[in-house]
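# A structural walkthrough
Given next are the chains, with one letter for each unit.
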Amino acid sequence: KRIMNKSLYDISWQVTEEEYRADSAYSYSTIARYEREGFSKLDKLFEKIDTPSLVFGSMVDTLLTDGEEAFNDRFAVMDLPDVSDKVMTIIKGLWNLFHDKYRKLELIDKEIISQACVSHDYYVDSKWKSLRVKNVLEGAEYYTLLFLAEDKTIVSSKDYEDAAGCVRALKEDRVTGKYFAANNPFDNIDRQYQLKFKGEFEGIGLRCMADLIIIDYDNKIIIPVDLKTSSKPEYDFYKSFIDWSYYIQASLYHYIMKQNLEKDPFFKDFVLKDYRFIVVNRYRKCPLLWEYPLTQAITDLKFGELNNIKCRNWRTIVKELDYYLKNKPINPIGIKDINNIVEWLNKI
């Protein structure tokens, strides 16, 4: 067998995750968030999103690709108070703001707690004011635990068990198990996790970090793979694909990777296949593989029996977004002094 004489890692963007996140180039998450939330939310585009589902996805990613030791460096498994995810998110936000001043949640002014609830759309009606504060204070133990965790992310024992169960299911499944198998030096196939790449489109900087890339040296094939932990059953992933604009991720990542491959004398002859998604639900744990055959489309697309599912190409979106962020207009593109209502209704 021919020995692998160049690693894909060699042509990747070799920076830490912190450096990657801080870079000004556009990522899938920024482009897709703008596409979902629109012009009116441009001022909130770069606010950090920290939800329980994102944390759970990170747990599975870390356990699967980096192992138990890396998991313990990032996460602290603890027994948590019995409060909702929304309440925990509110408490964490309060801790971020006030932990230098107040060691206990109860010391924070109730009016501030109430306002934090409203900003998170939690019992926003004024008649629920005392109830929302009471519910948050019932999670006071979580505020204290955040001090113990220091810079680690706190997760519950149940979350850890579910994440570990998802990893086992992914590795043991007849189809997905092959993707996450250990590298075998004799089959000339290399699996690379979390490789980062930079690219550009019409002078606009782009970046991506791929969950998994499989390099088949004998057949000169490269398969890009993204792992998704979904709240929907695995068989409903096509709905999440639209809800979270994963078509943007697939096409954007493929474009950036291909741009890097084509510049390299060794990898330029390799075929970069369409994007594949491996999906697992934390409760069902029945992984499925989904492939996106329109990964390389360069125009806007329409799906559905009535062509009513409109998917704009990332090229269209990123040019629009870049214009807005650089020029900061007060109205969206196309809005004039006098506007035709029918024309705008037909854009819906």
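Everything here concerns the structure above.
These remarks concern the structure in this document. (Residues numbered from 1 in each chain as written. Predicted model: local features only at pLDDT ≥ 70, side-chain atom pairs only at ≥ 80, totals over all residues. Heavy atoms only, no water.)

### Side note on the overall build of the chain
Secondary structure assignment for the chain yields 13 helices and 10 strands. In terms of overall dimensions, the chain is globule-like: its C-alpha atoms have a radius of gyration of 23 Å, near the 20 Å expected for 348 residues. With respect to the principal axes defined by its C-alpha atoms, the chain has extents near 70 × 60 × 40 Å. Among the 348 residues that make up the chain, the fraction classed as buried is 44%. In the chain, once contacts between residues fewer than 6 apart in sequence are set aside, the share between residues at least 24 apart is 67%. With the model as given, the accessible surface of the chain reaches about 19600 Å², and the carbon-plus-sulfur share is 52%. Here the chain holds 51 positive side-chain charges and 55 negative ones, and the gap between their average locations is 3 Å. (Helix = DSSP H or I, 4+ residues; strand = E, 2+ residues; numbered from the N terminus. Rg over C-alpha atoms; globule rule 2.2 N^0.38 Å. Buried < 20%, exposed > 50% of the residue type's maximum accessible area, 1.4 Å probe, protein only. Contact = heavy atoms within 4.5 Å. Areas by Shrake-Rupley, 256 points an atom, 1.4 Å probe, with all protein chains shown as cover. Lys, Arg positive; Asp, Glu negative; His and termini not counted. Charge placed at Lys NZ, Arg CZ, Asp CG, Glu CD.)

### Topic: helix α6 (residues 110-119)
Turning to α6, its buried residues are Ile 113, Ser 114, Ala 116 and Cys 117. End-on, the buried residues of α6 take up no more than an arc of 160 degrees, which puts them together on one face. Along its buried surface, α6 packs onto α5 (85-98) and α7 (129-137). Measuring from the backbone nitrogen of Glu 111 back to the side-chain oxygen at the start of α6 gives 2.7 Å, which picks out Asp 109 as the cap. Following α6 by one or two positions, Asp 121 has its phi on the positive side, about 55 degrees. (Arc of directions from axis to C-beta. Polar contact = N/O pair within 3.5 Å; in protein donor to acceptor, adjacent residues only side chain to side chain.)

### Overview of the packing of aromatic side chains
Evaluated as defined, the whole model comprises 32 aromatic pairs. Through a chain of ring-to-ring contacts, the aromatic side chains of Tyr 28, Phe 237, Tyr 238, Phe 241, Tyr 246, Tyr 247, Tyr 253, Tyr 275, Phe 277, Trp 290 and Tyr 292 assemble into a single cluster. Seen from the ring of Phe 147, Arg 103 lies directly overhead, with NZ or CZ sitting 3.9 Å from the centre. (Phe/Tyr/Trp six-rings, centres within 6.5 Å; stacked < 30°, edge-to-face > 60°. Lys NZ or Arg CZ within 6 Å of the ring centre and 35° of its normal.)

### Some thoughts on the pairing of strand β4 (residues 204-216)
For β4, a buried count of 12 out of 13 residues is recorded, marking the element as mostly surrounded by other parts of the structure. Sheet analysis places strand β3 (residues 189-201) next to β4, joined by 12 bridges and oriented antiparallel. Its bridge partner being in β4, Gly 199 is matched across the sheet by Leu 206. Count of turn residues in the β3/β4 antiparallel hairpin: two residues, of which Glu 202 carries a positive phi of about 50 degrees. Connecting the antiparallel pair β4 and strand β5 (residues 221-230) is a turn made up of four residues, with Lys 220 showing a positive phi of about 55 degrees. (Pairing = 2+ DSSP bridges.)

### A look at the environment of Asn 339
Its place among the elements puts Asn 339 in the loop between α12 (314-327) and α13 (341-345). Discounting chain neighbours no more than four positions away, the residues touching Asn 339 are Gly 334 and Trp 344. A distance of 2.6 Å separates a polar atom in the side chain of Asn 339 from the backbone nitrogen of Lys 336.

### Thoughts on the pattern of salt bridges
Pairing between side chains of opposite charge can happen when their charged atoms approach one another. Taken as a whole and assessed by the stated rule, the structure comprises 20 salt bridges. A salt bridge links Asp 159 to Arg 282; the shortest N-O distance between them is 2.7 Å. Pair noted here: Asp 159 is in helix α9 (residues 157-172) and Arg 282 is in the loop between β7 (276-281) and β8 (288-291), with a separation of 123 residues, a long-range link. Judged by its relative accessible area of 17%, Arg 282 is buried. Each of Lys 158, Asp 159, Asp 162, Arg 282 and Lys 285 takes part in salt bridges that share partners, so that together they form one network. (Salt bridge = Lys/Arg side-chain N within 4 Å of Asp/Glu carboxyl O.)

### Brief notes about the environment of Lys 92
Along the chain, Lys 92 turns up in helix α5. When the C-alpha positions of Lys 92 and Tyr 143 are compared, they lie 7.0 Å apart, and in sequence the two are 51 residues distant. Every residue in contact with Lys 92, bar those within four places of it in the chain, is listed here: Asp 50, Tyr 142, Leu 146 and Thr 153.

### Quick word on α5
When the terminal C-alpha atoms of α5 are compared, their 20 Å separation across 14 residues agrees well with the 20 Å that a helix rising 1.5 Å per residue should span. Restricting attention to buried positions, one finds in α5 the residues Val 87, Met 88, Ile 90, Ile 91, Leu 94, Trp 95 and Phe 98. Across the axial projection of α5, the buried residues extend over an arc of 160 degrees, all falling on one side. Residues of α5 that are buried sit in contact with α6, α7 and α8 (140-149). (Expected span 1.5 Å × (residues − 1).)

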